[in-house]
Amino acid sequence: MSFNIAIDGPAGAGKSTIARKAAEALGFTYVDTGAMYRAIACYLFEQGIAPEDTAAIASACTGADISIRYENGEQIVLLNGVNVNDKLRTEEVSAMASCSSAVAEVRQHLLELQRSLARTQNVIMDGRDIGTTVLPDADVKIYLTASSEIRAKRRYDEYISKGQEADYDEILAEINERDERDMNREVSPLRQADDAILIDSSYMTPEEVLDAICKLVKEKEKE
Ligand code: DC
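Residues numbered from 1 in each chain as written. Predicted model: local features only at pLDDT ≥ 70, side-chain atom pairs only at ≥ 80, totals over all residues. Heavy atoms only, no water.

1. Observations concerning the overall build of the chain
And step 1. A count of helices and strands for the chain gives nine helices and eight strands.
And step 2. Against the globule reference of 17 Å for 223 residues, the chain gives a C-alpha radius of gyration of 17 Å, in line with a compact fold.
And step 3. Its C-alpha atoms give the chain principal-axis dimensions of roughly 50 × 40 × 35 Å.
And step 4. Across the 223 residues that make up the chain, the buried fraction comes to 48%.
And step 5. In the chain, 73% of the contacts between residues at least 6 apart in sequence involve partners at least 24 apart.
And step 6. Accessible area for the chain stands at about 11,400 Å²; split by element, carbon and sulfur atoms hold 48% of it.
And step 7. A distance of 4 Å separates the average location of the 25 positive side-chain charges in the chain from that of its 40 negative side-chain charges. (Helix = DSSP H or I, 4+ residues; strand = E, 2+ residues; numbered from the N terminus. Rg over C-alpha atoms; globule rule 2.2 N^0.38 Å. Buried < 20%, exposed > 50% of the residue type's maximum accessible area, 1.4 Å probe, protein only. Contact = heavy atoms within 4.5 Å. Areas by Shrake-Rupley, 256 points an atom, 1.4 Å probe, with all protein chains shown as cover. Lys, Arg positive; Asp, Glu negative; His and termini not counted. Charge placed at Lys NZ, Arg CZ, Asp CG, Glu CD.)

2. Observations regarding the sheet that holds strand S2 (residues 29-32)
And step 1. As summarised here, the arrangement of the five strands in space is S2-S6-S1-S7-S8, forming an open sheet in which the pairing is parallel. Bordering the open sheet on either side are S2 and strand S8 (197-200), each of which pairs with just one other strand. For this sheet, the mean inter-axis angle between neighbouring strands, taken without regard to orientation, is 20 degrees.
And step 2. Looking at chain direction, strand S1 (residues 4-8) and strand S7 (residues 140-145) are connected through four bridges and run parallel. Looking across to S7, one finds that Ile 7 is bridged to Ile 142.
And step 3. Those strands touched by helix H1 (residues 15-26) are S1, S2, strand S6 (123-127) and S7, and its axis lies near 180 degrees from that of S6.
And step 4. The sheet strands contacting helix H9 (residues 206-222) are S1, S7 and S8, and the helix crosses S7 at an angle near 165 degrees. (Pairing = 2+ DSSP bridges. Axes fitted to C-alpha atoms, helices over the stretch in contact; angles between N-to-C directions.)

3. So, the pairing of strand S4 (residues 74-79)
And step 1. Extensive coverage of S4 is indicated by the burial of five of its six residues.
And step 2. With six bridges connecting them, strand S3 (residues 66-71) and S4 associate as antiparallel partners. In the strand pairing of S4, Ile 68 is matched with Val 77.
And step 3. In sequence, S3 turns back onto S4 through a hairpin of two residues, with Asn 72 there showing a positive phi of about 50 degrees.
And step 4. Both S4 and strand S5 (residues 82-83) contribute to a ladder of two bridges, which runs antiparallel. What sits directly across from Leu 78, in S5, is Asn 83.
And step 5. The turn joining S4 and S5, which pair antiparallel and follow one another in sequence, is formed by two residues; a positive phi near 45 degrees is taken by Asn 80.

4. What to know about the sheet that holds S4
And step 1. The strand order across the open sheet formed by three strands is S3-S4-S5, and the pairing between neighbours is antiparallel. Only two strands of the sheet have a single partner each, and these edge strands are S3 and S5.
And step 2. Here helix H2 (residues 33-46) sits on the sheet and contacts S3 and S4; the angle it forms with S4, its principal contact strand, is near 30 degrees.

5. As for the packing of H2 against helix H5 (residues 104-120)
And step 1. It is at 11 Å that the axes of H2 and H5 come closest, and there the two elements cross at 140 degrees. As far as their axial angle goes, H5 and H2 are oblique. Classified by chirality, the crossing of H5 by H2 is right-handed. In this structure, H2 uses Thr 33, Met 36, Tyr 37 and Ile 40 to contact H5, whose residues at the interface are Val 106, Arg 107, His 109, Leu 110, Leu 113, Gln 114 and Leu 117.
And step 2. Of the residues in the contact of H2 with H5, the class split is seven nonpolar, three polar and one charged. (Parallel < 35°, antiparallel > 145°, perpendicular 65-115°, else oblique. Left-handed = near helix turned anticlockwise from the far one by under 90°. Nonpolar A, V, L, I, M, F, W, Y, C, P; charged D, E, K, R; others polar.)

6. Some remarks on a negative patch on the surface
And step 1. Among the surface-exposed residues, Glu 91, Glu 92, Asp 167, Asp 169, Glu 170, Glu 174, Glu 177 and Glu 180 lie close enough to one another that they form a single negatively charged patch.
And step 2. For the negative patch, the elements supplying multiple residues, two or more each, are helix H4 (91-100) and helix H8 (168-184).
And step 3. Per-element tally for the negative patch: the top contributor is H8, with five residues.
And step 4. Looking at where Glu 174 falls in the secondary structure, it is placed in helix H8. (Patch = residues over 30% accessible without salt bridge, like charges linked within 9 Å, V, L, I, M, F, W, Y side chains within 5 Å. Salt bridge = Lys/Arg side-chain N within 4 Å of Asp/Glu carboxyl O.)

Set out below in structure tokens:
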């Protein structure tokens, strides 16, 4: 039987950083479901489909065959057999993913891949609906969040440290907009599962969050 950890939460809460580190510490496989949604978005963008054209997204998404493999512990997303990791973080893809991930057919298209990964190995999977929809029987469920102001500040600092320009107010507005869309969409909205443990990382270091998660997992493993 595999042991599954679900981490959900809003954009910028630090889910992927923490999940990656926890996977390393626990010897689990890290599954980044956001990257899968981004790979479909990349395909839709390349097909010239508009983010608001829900009907076209619903019918075209089946043409995107998504699979993943691991190289030195890093998740590689293959779109129709081609590694697209380098294309997943652009503005266009983020904007498309935010719209296309709200389309039921897109979510259905990825569900079986996500579930099958968790069936066959110990995974720590992050996303928006892992604890509520994808892995409702996960052994440990975490809802990782932080205030939108702190998430915006973290993102702002990240841009500045890379020597890029950034506008804090603009970033904050984008984060609030994204939260609103993720939490209020009809299919699989972002919400804390009833049995998920809330971790508010606003005033915690990444190490403290990691420690808290590893403790929860160890306790559960003992049961
Ligand atoms: O976590 P991320 O920013 O890489 O996610 C990209 C997009 O996919 C984002 O708009 C939210 C969406 N997403 C989702 O709807 N469900 C998931 N399980 C993961 C991501």
